[in-house]
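# A closer look at the structure
If you want the building blocks of each chain, they are given just below.
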Amino acid sequence: MGSIITEKYQPSSTKRRQIDWEEYFSRSVEEFLADKNDNHGTNEQLEFSIIELAKLSQNNKVIADIWIEDWDLLMEISCNSRIACLLAPAEIIIRDYYQREDHKDFTDCIQSLKDPEKKFETQNELFSIGAKEMAERAKKYDLFSIMRNDESTVEDTLMMLEKHFCLE
């Protein structure tokens, strides 16, 4: 049996040119967005996630924290009552993102590159665009959403999610 990633089934993933971190993070906002909007690679990766979630959900309740670009697909395979959007204003995302322990490698990588301030500015602009897009999509699809603010707590968020998913 060969590799699970093949040119036949994952053409974007197998044809993508490998670049180093310096080149990756030196791209402009427009280049990042163009790459994101050509989301064939993201959709290829999403297929693996959907398969794994379907397997896991056969015998258990599953809550997955995933990033998805194809919201039309999401609505085809799920329904509003099974989706929750965890949102935050761009200012909070930018303020907190680099402080998170699980994002330390990301932050350290950018800091090790040439002109890290410029690269952080680009990432911050992308966070702002992403936060706005996510809120707009949640509204468009009329999805249950929780908007984080400075008073939000993990416990309150969990309580709202448990209620939404009828897990109380």
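In case you missed it, the structure is sitting above this.
Residues numbered from 1 in each chain as written. Predicted model: local features only at pLDDT ≥ 70, side-chain atom pairs only at ≥ 80, totals over all residues. Heavy atoms only, no water.

### Points about the packing of helix α6 (residues 90-97) against helix α8 (residues 116-140)
Just so we agree on the cut-off: Between N-to-C directions, angles span 0 to 180 degrees; the directions come from axes that are lines fitted to C-alpha atoms, helices contributing only their stretch in contact. Strands here are runs of E lasting at least two residues and helices are runs of H or I lasting at least four, both read from the DSSP assignment and numbered beginning at the N terminus. To sort the angles, those under 35 degrees are grouped as roughly parallel, those over 145 as roughly antiparallel, those from 65 to 115 as roughly perpendicular, and the leftovers as oblique. By convention, the crossing between two helices is left-handed when the near helix turns anticlockwise from the far helix through less than a right angle, and right-handed when the turn is clockwise. Pairs of residues are marked as contacts when any of their non-hydrogen atoms sit within 4.5 Å. Any residue outside Ala, Val, Leu, Ile, Met, Phe, Trp, Tyr, Cys, Pro, Asp, Glu, Lys and Arg is labelled polar, Gly included; the first ten of those are nonpolar and the last four are charged.
Packing of α6 against α8 brings their axes to within 9 Å, and their N-to-C directions diverge by 140 degrees. Between α6 and α8, the interaxial angle falls into the category oblique. The interaxial crossing formed by α6 with α8 has right-handed handedness. On α8, the residues that touch A90, I93, I94 and Y97 of α6 are N124, F127, S128 and A131. Along the lines of polarity and charge, the residues of the contact of α6 with α8 split into 6 nonpolar, 2 polar and no charged.

### What to know about unusual backbone geometry
Its identity is not glycine, yet D115 carries a phi of approximately 50 degrees, on the positive side. With respect to the element layout, D115 can be found in the loop between α7 (104-111) and α8. With phi around 55 degrees, D142 is a residue other than glycine that occupies positive phi space. Mapped onto the elements of the fold, D142 is located in the loop between α8 and β2 (144-147).

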